[in-house]
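Structural overview
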Amino acid sequence: MSRQQRREQGVMMIEVLIGILIFSIGILAMLGMQTLAMRASIDSKYRAEAGFLANEIVGVMWGDPANLASYDTGSCGATSRCAIWLTRVQNTLPGGIAPTITVTNRQVQVVVQWQGPGQATPSNHTMVAQIYRATD
């Protein structure tokens, strides 16, 4: 074995190890991107559901403007439409955070909150609507 061959003996192994390192970093980066995309997709799903649920109760209130005060979460009866909606929200969104409905005169504020898995702070969706009767 010549002197030149002895000096080059481990070079191919080093090249293979560097190639494996670069490939592994690429795979880890792809996994990180996939995780971020999945989190964004889940967050988007919860936001869409919260918006739909808030819209739903405001639509119910538009259909029943004479009893608007009964939809306030402070005076919501156990078997009322409001209570059924509150239960639905808690069953649909994660975190078990009770939504609030505040009725002041004819202004309604609906706040739907949730805390997804791995989230440090709760997210929320707030909807404000003015609801009038046909005679107002």
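Refer to the structure presented above.
In this report, we go over the structure that sits alongside the text. (Residues numbered from 1 in each chain as written. Predicted model: local features only at pLDDT ≥ 70, side-chain atom pairs only at ≥ 80, totals over all residues. Heavy atoms only, no water.)

Another aspect to go through is the pattern of salt bridges. Enumeration over the complete set of coordinates arrives at three salt bridges. In this structure, Glu 49 engages Lys 45 in a salt bridge whose closest nitrogen and oxygen atoms are separated by 3.4 Å. One end of the pair is Glu 49 and the other is Lys 45, both in helix H2 (residues 11-63) and four residues apart, which spans about a single turn. (Salt bridge = Lys/Arg side-chain N within 4 Å of Asp/Glu carboxyl O. Helix = DSSP H or I, 4+ residues; strand = E, 2+ residues; numbered from the N terminus.)

Take the environment of Lys 45 next. According to the relative accessible area criterion, Lys 45 is partly exposed, its value standing at 45%. Along the primary structure Lys 45 and Gly 96 are separated by 51 residues, whereas in three dimensions their C-alpha atoms are 17 Å apart. (Buried < 20%, exposed > 50% of the residue type's maximum accessible area, 1.4 Å probe, protein only.)

This part covers the sheet that holds strand E2 (residues 107-114). Working definition: the strands of a sheet are paired by backbone hydrogen bonds and lie parallel or antiparallel to each other. Spatially, E1-E2-E3 is the arrangement adopted by the three strands of the open sheet, whose pairing is antiparallel. Looking at the sheet topology across the chains shown, the edges are occupied by strand E1 (100-104) and strand E3 (123-130). Between one strand axis and the next, the sheet turns by 15° as a mean value, whatever way the strands run. Across eight bridges, E2 lies against E3 in antiparallel orientation. When the sheet's bridge partners are listed, Val 111 is paired in E3 with Thr 126. (Pairing = 2+ DSSP bridges. Axes fitted to C-alpha atoms, helices over the stretch in contact; angles between N-to-C directions.)

Counted at 1.5 Å a residue, the expected span for helix H3 (residues 81-92) with its twelve residues is 16 Å, and the 16 Å between its end C-alpha atoms agrees. Along H3, the residues that are buried comprise Cys 82, Ala 83, Trp 85, Leu 86 and Val 89. Take H3 and look down its axis: the buried residues cluster within an arc of 160°, on one side only. Residues of H3 that are exposed and point more than 90 degrees away from the buried face comprise Arg 81, Ile 84 and Asn 91. (Expected span 1.5 Å × (residues − 1). Arc of directions from axis to C-beta.)

Take the packing of H2 against H3 next. Two elements in contact, H2 and H3, have axes separated by 11 Å at closest approach and are oriented at 175°. When the axes of H2 and H3 are compared, the pair comes out roughly antiparallel. Together, Glu 49, Phe 52, Leu 53, Ala 54, Glu 56, Ile 57 and Val 60 of H2 and Arg 81, Trp 85, Arg 88, Val 89 and Thr 92 of H3 make up the contact between the two elements. A per-class count over the contact of H2 with H3 returns seven nonpolar, one polar and four charged. (Parallel < 35°, antiparallel > 145°, perpendicular 65-115°, else oblique. Contact = heavy atoms within 4.5 Å. Nonpolar A, V, L, I, M, F, W, Y, C, P; charged D, E, K, R; others polar.)

With that settled, the discussion passes to the pairing of E2. Where E1 meets E2, five bridges bridge the pair, whose relative direction is antiparallel. Within E2, the position partnered with Thr 102 by the bridge is Gln 109. Between E1 and E2, which pair antiparallel one after the other, the connecting turn spans two residues, and Asn 105 there sits at a positive phi close to 55°.

Relative to the 78 Å expected for 53 residues at 1.5 Å per residue, H2 spans 78 Å between its end C-alpha atoms, a close match to the ideal helical length. Considered for burial, the residues of H2 that qualify are Tyr 46, Ala 50, Gly 51, Leu 53, Ala 54, Ile 57, Val 58 and Met 61. Where H2 is buried, its residues meet H3, E1, E2 and E3.

This brings us to the nonpolar core. Met 61, Trp 85, Ile 101 and Val 110 are the most contacted members of the largest nonpolar core, which has 25 residues in total. Secondary-structure elements contributing two or more residues to this core are H2, H3, E1, E2 and E3. In terms of residue count, the dominant contributor to this core is H2 (seven residues). Not counting chain neighbours up to four residues away, the residues in contact with Val 110 comprise Ala 54, Ile 57, Val 58, Met 61, Trp 85, Thr 100, Ile 101, His 125, Thr 126 and Met 127. (Core = buried A, V, L, I, M, F, W, Y, C linked by side-chain atoms within 4.5 Å.)

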